[in-house]
Amino acid sequence: MHYSVGVIIKKDSRYLLIDRAVPPLGFAGVAGHIDEGEDVQEALKREVKEESGLEISNYKQLFEERLDWNWCSKGVDSHYWYLFECDASGEPKRSKRETRSIGWYDSGEIKKLKLEPVWEYWFKKLKVI
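Residues numbered from 1 in each chain as written. Predicted model: local features only at pLDDT ≥ 70, side-chain atom pairs only at ≥ 80, totals over all residues. Heavy atoms only, no water.

A. Spatial organisation of the side chain of Glu116. Along the chain, Glu116 turns up in the loop between helix 2 (107-112) and helix 3 (117-125). The class of Glu116 is buried, set by a relative accessible area of 6%. With sequence-adjacent residues up to four places away left out, Glu116 is seen in contact with Arg20, Pro24, Leu25, Gly26, Phe27 and Ala28. (Helix = DSSP H or I, 4+ residues; strand = E, 2+ residues; numbered from the N terminus. Buried < 20%, exposed > 50% of the residue type's maximum accessible area, 1.4 Å probe, protein only. Contact = heavy atoms within 4.5 Å.)

Pasting the structure below:
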């Protein structure tokens, strides 16, 4: 099992999403694996900076959950997730290595996107879609 952190970044009524360039493909919130020796908050800050260029503040954990169906490109079929909501500052900049695009989407737009499966799960659980 791998440990992952994800974050909901919202501005007005829009959510920051990336279009993933590496499997599992699809639109997603900023997220990634927690590195060995790293705590959850360190991973949260690192992933947001790496994937969006933003600095986070005022974060709040929404969920902590094991998802046995959530696979990744590293060959693992189960992930233990920590999902946060946070405020962020700066202008989003996409990671050319990890993303095809980055942008702000409202719930109506999100419903029309091809979401990464775990993010479809989170957005349904949060009643965004």
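B. Broad picture of the pattern of salt bridges. Scanning all chains against the criterion turns up 13 salt bridges. The residue Asp35 makes a salt bridge to Arg46 at a minimum N-O spacing of 3.5 Å. Linking Asp35 in the loop between strand 4 (30-33) and helix 1 (40-52) with Arg46 in helix 1, this pair joins segments that are eleven residues apart in sequence. A relative accessible area of 40% means that Asp35 is categorised as partly exposed. Among the residues examined, Arg46 registers a relative accessible area of 19% and is labelled buried. Among the salt bridges present, the one from Arg46 reaches Glu47, with a minimum N-O distance of 2.9 Å. A cluster of three or more residues bridged by salt bridges with shared partners is formed by Asp35, Glu38, Arg46, Glu47 and Glu50. (Salt bridge = Lys/Arg side-chain N within 4 Å of Asp/Glu carboxyl O.)

C. Representation of the nonpolar core within the structure. Among the nonpolar cores identified, the biggest contains 18 residues, and Trp81, Ile110, Trp119, Trp122 and Phe123 are the most heavily contacted of them. Where this core is concerned, the elements lending two or more residues are strand 2 (14-20), strand 3 (26-28), strand 6 (79-89) and helix 3. Here this core gets four residues from one element, more than from any other, and that element is helix 3. If near-sequence neighbours (up to four positions away) are discounted, Ile110 is found in contact with Tyr15, Leu17, Tyr105, Leu115, Phe123, Val128 and Ile129. In terms of nonpolar packing, the next biggest core, distinct from the first, is built from 15 residues, Val5, Leu16, Leu44 and Val48 among them. (Core = buried A, V, L, I, M, F, W, Y, C linked by side-chain atoms within 4.5 Å.)

D. Broad picture of the environment of Glu85. Within the fold, Glu85 resides in strand 6. The sequence separation of Glu85 and Arg20 amounts to 65 residues, and the corresponding C-alpha distance is 20 Å. Ignoring any residue separated from it by four or fewer positions in sequence, one finds Glu85 in contact with Ile8, Asn58, Tyr59, Lys60 and Leu62.

E. Highlighting the packing of aromatic side chains. What the rule picks out here adds up to eleven aromatic pairs. Residues Tyr59 and Phe84 carry aromatic rings whose centres are separated by 5.9 Å and whose planes lie at 80 degrees to one another, so their mutual orientation is edge-to-face. Taken together, the positions of Tyr59 in strand 5 (residues 55-67) and Phe84 in strand 6 put the pair 25 residues apart, joining distant regions of the chain. A relative accessible area of 2% places Phe84 in the buried class. (Phe/Tyr/Trp six-rings, centres within 6.5 Å; stacked < 30°, edge-to-face > 60°.)

F. Unusual backbone geometry, seen in detail. Cis geometry is found at the peptide bond from Pro23 to Pro24, where omega equals 0 degrees. Located in the positive-phi region is Asp12, a residue other than glycine, with phi close to 60 degrees. Within the secondary structure, Asp12 is located in the loop between strand 1 (2-11) and strand 2. Since its relative accessible area comes to 72%, Asp12 is described here as exposed. Positive phi is not limited to glycine here, since Asn58 has a value of about 50 degrees. Mapped onto the secondary structure, Asn58 falls in strand 5.

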